[in-house]
Amino acid sequence: MSSSDMLDRIEGSSYSASVQGSNADVEQRLAAAATRFGFELEPRSVDRLRQLLELWSRFGRAFNLSGATDETGLLEHVLEGLQVVGLAHRIGWRAGQIWLDVGSGAGFPGLVVAACLEVQVTLVEPRERRASFLDLALNQVGRRDCRVIRGHIEGKSWRPIRTGETLVAGGFDWSSARAVFAPDAWVEVGRQWVRKGGIVVAHVRAETEQFEGEVARVDGERWSIRGVRG
Ligand SMILES: C[S@@+](CC[C@H](N)C(=O)[O-])C[C@H]1O[C@@H](n2cnc3c(N)ncnc32)[C@H](O)[C@@H]1O
């Protein structure tokens with residue numbers, strides 16, 4: 001069964017018809033946010049983000065994604081994800097780099113990164129329904145080169161839920177985790193997962209002091225995204 005068929009079955013309506021409508025206002029807000037965070041959104045990324053917004057708002061409850069399912073709330077999460085993308089532009093990302101997003105949940109920031117950057121994202125999420133949603137969402141936006149694995153990260157150790165899903169610390173170009181660990185703890189953990197010179201992405205309140213090794217930041221109204229060299 002295709003992911004679109006599966007979504008139709010869950011909701012009992014035509015998913016594909018519902019994502020075809022345009023929403024100029026949302027697109028403008030996404031484009032304006034990207035400009036504010038220092039980059040331009042490609043049309044393909046805008047399409048993917050619109051598809052993701054549709055998925056989050058329609059299937060958030062069915063997949064027990066928790067958090068916002070209304071457009072305003074969802075956009076806030078997406079805009080924070082765009083801050084992460086802005087940070088990657090500021091520091092310099094390259095196609096094909098590998099990115100680890102720990103505790104992706106509904107896909108923040110992992111799915112936003114996959115929608116906007118041609119990096120290979122590994123999304124780690126222990127919870128079954130959330131992981132299934134992430135799989136479906138990656139398929140919908142055509143990012144089959146990214147992957148979802150179920151398990152827990154503890155320090156530099158990986159505890160898988162499904163046998164055979166391996167994850168090795170120390171080789172990623174980027175690592176992110178939003179609302180999974182306290183920021184200081186995450187920087188310490190994230191540094192063990194990136195290669196030397198890789199970047200740990202931390203989400204902190206705007207007033208937070210600089211981290212040791214911090215190389216760039218992208219500030220929003222409430223949240224500041226920091227890049228710390230591993
Ligand atoms: C509060 S949610 C945040 C989800 C998402 N990052 C966001 O900002 O919306 C935390 C997520 O991390 C996952 N999680 C918790 N501990 C984890 C661990 N040690 N390793 C990987 N994932 C973990 C949970 O299952 C949950 O989905």
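Keep in mind that what you see is a predicted model, and the values were worked out from it rather than measured. (Residues numbered from 1 in each chain as written. Predicted model: local features only at pLDDT ≥ 70, side-chain atom pairs only at ≥ 80, totals over all residues. Heavy atoms only, no water.)

J.: I would appreciate a short explanation of the UniProt feature "binding site: S-adenosyl-L-methionine" (unreviewed entry) in the protein in the present structure.
T.: Listed under "binding site: S-adenosyl-L-methionine" (unreviewed entry) in the UniProt record, and renumbered for this structure, are Gly-103, Phe-108, Ile-153, Glu-154 and Arg-178. Within the secondary structure, Phe-108 sits in the loop between β1 (98–102) and α6 (110–116). Apart from residues lying up to four places away in sequence, Phe-108 is in contact with Trp-56, Leu-74, His-77, Val-78, Asp-101 and Arg-178. Summarising the element assignment, Ile-153 is placed in strand β4 (residues 151–154). Sequence-distant contacts of Ile-153, defined by excluding residues within four places in its chain, comprise Leu-100, Val-102, Val-124, Trp-158, Leu-167, Phe-181, Val-189 and Trp-193. (UniProt positions renumbered as here; feature names shortened; annotations may be inferred. Helix = DSSP H or I, 4+ residues; strand = E, 2+ residues; numbered from the N terminus. Contact = heavy atoms within 4.5 Å.)

J.: So what exactly am I meant to see when it comes to the pairing of strand β9 (residues 223–229) here?
T.: The two faces of the sheet receive side chains in turn, since in a regular strand these alternate between them. Most of β9 sits inside the fold, with five of its seven residues counted as buried. In the sheet, strand β7 (residues 194–205) pairs with β9 via seven bridges, with the strands oriented antiparallel. For Arg-205, the partnering residue across the bridge sits in β9 and is Trp-223. Of the pairings in the sheet, the one linking strand β8 (residues 214–219) to β9 comprises five bridges and is antiparallel in character. Each residue of the ladder has a partner; that of Asp-219, found in β9, is Ser-224. (Buried < 20%, exposed > 50% of the residue type's maximum accessible area, 1.4 Å probe, protein only. Pairing = 2+ DSSP bridges.)

J.: I keep staring at the environment of Gln-83 and nothing clicks. Help me out?
T.: The residue Gln-83 is located in helix α5 (residues 71–91) in this model. Judged by relative accessible area, Gln-83 falls into the buried class, the value being 5%. Each C-alpha atom of the pair Gln-83 and Arg-217 lies 9.0 Å from the other, and the pair is 134 residues apart in sequence. Apart from the residues lying within four places of it in its own chain, the contact partners of Gln-83 are Phe-37, Val-218, Asp-219, Gly-220, Trp-223, Ser-224 and Ile-225.

J.: Mind showing me how you'd approach the site of the ligand here?
T.: Neighbouring the ligand are 16 residues; Gly-103, Phe-108, Glu-125, Arg-130 and Arg-178 lie closest to it. Here Phe-108 contributes a backbone N or O atom positioned 2.7 Å from a nitrogen atom of the ligand. In this structure, Ile-153 approaches the ligand through a main-chain N or O atom, which is 3.0 Å from a nitrogen atom. Notes on the ligand: free accessible area 600 Å², of which the protein chains cover 77%. Broken down by element, the shell around the ligand gets its largest block of residues, three residues, from β4. Each residue belonging to the shell around the ligand can be placed in one class, and the counts come to seven nonpolar, five polar and four charged. (Near = heavy atom within 4 Å. Polar contact = N/O pair within 3.5 Å; in protein donor to acceptor, adjacent residues only side chain to side chain. Areas by Shrake-Rupley, 256 points an atom, 1.4 Å probe, with all protein chains shown as cover. Nonpolar A, V, L, I, M, F, W, Y, C, P; charged D, E, K, R; others polar.)

J.: Any chance you could explain α5 here in plain terms?
T.: Residues spaced three or four apart along an α-helix point in a common direction, a consequence of the helix completing one turn every 3.6 residues. Along its 21 residues, α5 runs 30 Å from first to last C-alpha, staying within 8% of the 30 Å computed at 1.5 Å per residue. Downstream of α5 by a residue or two, Gly-92 has a phi angle that is positive, lying close to 110°. (Expected span 1.5 Å × (residues − 1).)

J.: Whenever I open this one, the environment of Val-78 confuses me. Can you help?
T.: You can see Val-78 is positioned in helix α5. On the accessibility criterion, Val-78 (1% relative accessible area) is buried. Separated by 45 residues in the primary sequence, Val-78 and Ala-33 have C-alpha atoms spaced 9.8 Å apart.

J.: In this structure, what is going on with helix α4 (residues 43–59)? I would like to understand it.
T.: Taking 1.5 Å as the rise per residue, α4 with 17 residues should run 24 Å; its terminal C-alpha atoms sit 24 Å apart, in good agreement. Most of α4 sits inside the fold, with twelve of its 17 residues counted as buried. Buried within α4 are the following residues: Ser-45, Val-46, Arg-48, Leu-49, Arg-50, Leu-52, Leu-53, Glu-54, Leu-55, Trp-56, Arg-58 and Phe-59.

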